[in-house]
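Listed below are the residues making up each chain.
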Amino acid sequence: MSELVIQLDNVNIYQSGSLILQDVNLKVEKGEFVYLVGRTGAGKSSLLKTLYGELTLTEGSGNVVGFNLKDMTWKTLPFLRRNLGVVFQDFQLLTDRNVHENLKFVLKATGWQDEKLMEQKIDDVLNKVGLQNKGFKMTYEMSGGEQQRVDIARALLNAPKLILADEPTGMLDPETSDEIMQLLMQIAKEDGTAILMATHDFMVVNKFPSRTLTTEGGKLVEKA
C-alpha cells in the first residue's frame, strides 16, 4: 500500500480572516512530484503555509507526514517541520556565514549535537546537490543557481518525507532552472521524497511534465 505524506479532506483555508481556498481535497504519496500552479494571489502560498503550520487549519481535516494539522501547537510544530523541507524562491540563506555554517546552524537548531554526525550529514547533502568542496564559500559569493542548491541541501538535512518548494526556479535563468528541476525530480525518484512545487512558470511544467494541481476560483483542481 502506498504511503500518504499529505491528506487533506474538505479543508477551507483562510488568510487574515478571508476564505482563500474552499473544500480542498488532496492526497500526495511518498516519492510523488506534484506541481501546484495558479495565478499570483490564487492561494498557492496559503496552501503551502497551511501544510507547514504557518496558517492554522480550522475547518476540515489535514494530515502531513503523520501529523494532524488540527492538533498543532507551538510545542509540536517544530516536530512537524523537522519532517518537512521548505525551499524558498529567495533562498533565505544567512549571508554572514559560509555554506557549511548555514547548514550547521539548521542542524543545531533542530537538535543535532554530535559533531561527527553533523559533518557527515553536511558532506552528504552538499554531495547530493553537486556542491561538494563548496562548503567554505560565502553564500553572497555564489550564483543564483548555487544558492538555490544550498537551499535544497538545507531542506534535505533532516531527510524529510516531503519538500514544499515555493517558486524554486522563479529567480533563475532557463538553463539553471532546468538544472534545479532535474535535481528536484531526482530527489523525488531516488530518495522517495514527495515534492509539492508551487510555480507559475509553465515552461518548466511543460518541459518536466508531472501531476499538476491548479488553484482557480477559490478551488484546488486536478489538471487532466
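Residues numbered from 1 in each chain as written. Predicted model: local features only at pLDDT ≥ 70, side-chain atom pairs only at ≥ 80, totals over all residues. Heavy atoms only, no water.

Focus: the overall build of the protein chain
In terms of helices and strands, the protein chain carries 7 helices and 10 strands. On the principal axes, the C-alpha backbone points of the protein chain span a range of 45 × 40 × 40 Å. Here the protein chain, with 224 residues, has 48% of them falling under the buried criterion. Long-range contacts, defined as pairs at least 24 residues apart, comprise 70% of the intrachain contacts of the protein chain with a sequence gap of at least 6. The average position of the 25 basic charges and that of the 30 acidic charges among the side chains of the protein chain differ by 3 Å. (Helix = DSSP H or I, 4+ residues; strand = E, 2+ residues; numbered from the N terminus. Buried < 20%, exposed > 50% of the residue type's maximum accessible area, 1.4 Å probe, protein only. Contact = heavy atoms within 4.5 Å. Lys, Arg positive; Asp, Glu negative; His and termini not counted. Charge placed at Lys NZ, Arg CZ, Asp CG, Glu CD.)

Notes on the environment of F136
Its place among the elements puts F136 in the loop between α4 (115-128) and α5 (144-156). Assessed through its relative accessible area of 59%, F136 is described here as exposed. As for F136 and N98, which are separated by 38 residues in sequence, their C-alpha atoms are 5.6 Å apart.

Description of unusual backbone geometry
Despite not being glycine, S16 has its phi angle at roughly 50°, a positive value. Within the fold, S16 resides in the loop between β1 (4-15) and β2 (18-29). Classification of S16 as exposed rests on a relative accessible area of 76%. The backbone of N133 sits at a positive phi, close to 70°, despite the residue not being glycine.

Some thoughts on the sheet that holds β2
Sheet architecture is open: 4 strands sit in the order β2-β1-β4-β5, paired in antiparallel fashion. In this open sheet, the two strands that pair with only one neighbour each are β2 and β5 (67-68). With 8 bridges joining them, β1 and β2 adopt antiparallel strand pairing. Its bridge partner being in β2, V11 is matched across the sheet by V24. Of the strands in this sheet, β1, β2 and β4 (59-64) are in contact with helix α1 (residues 44-51), which crosses β1 at around 120°. (Pairing = 2+ DSSP bridges. Axes fitted to C-alpha atoms, helices over the stretch in contact; angles between N-to-C directions.)

Topic: the sheet that holds strand β7 (residues 162-166)
Reading across from one edge, β6-β7-β8-β3-β9-β10 is the order of the 6 strands in this open sheet, with mixed pairing throughout. Edge strands, defined here as strands with exactly one partner in the open sheet, are β6 (84-87) and β10 (219-222). Going from strand to strand, the sheet's axes swing by 20° on average, the running direction of each strand aside. The strands touched by helix α6 (residues 174-191) are β3 (33-37), β7 and β8 (194-199); relative to β3, the strand with the most contacts, the crossing angle is about 130°.

Brief notes about the pattern of salt bridges
Throughout the structure, instances matching the rule amount to 13 salt bridges. Its salt-bridge partner being K104, residue E115 comes within 2.8 Å of it at the nearest N-O pair. Here K104 lies in helix α3 (residues 99-109) and E115 lies in helix α4, a separation of 11 residues in the sequence. A relative accessible area of 12% means that K104 is categorised as buried. Note that E146 and K134 form a salt bridge whose closest N and O atoms lie 2.9 Å from each other. Here the residue E146 occupies a position in helix α5, and K134 occupies one in the loop between α4 and α5, the gap between them amounting to 12 residues. Residues joined by salt bridges that share partners form a network here, namely E32, R211 and E222. (Salt bridge = Lys/Arg side-chain N within 4 Å of Asp/Glu carboxyl O.)

Let's talk about the packing of aromatic side chains
Under the counting rule described, the total for this entry stands at 1 aromatic pair. Measuring from ring centre to ring centre gives 5.2 Å for F33 and Y35, while their planes differ by 75°; the resulting arrangement is edge-to-face. You'll find F33 and Y35 in the same group, each marked buried. (Phe/Tyr/Trp six-rings, centres within 6.5 Å; stacked < 30°, edge-to-face > 60°.)

Details of α6
Helix length check: α6, at 18 residues, gives a terminal C-alpha distance of 25 Å against a target of 26 Å (1.5 Å per residue), a fit within 8%. Considering only its buried residues, α6 is in contact with β3, α4, α5, β7, β8 and α7 (202-207). Between the side-chain oxygen at the start of α6 and the backbone nitrogen of E175 there is a gap of 3.1 Å, and the oxygen is on D173. Just past α6, the residue G192 takes up positive phi, approximately 70°. (Expected span 1.5 Å × (residues − 1). Polar contact = N/O pair within 3.5 Å; in protein donor to acceptor, adjacent residues only side chain to side chain.)

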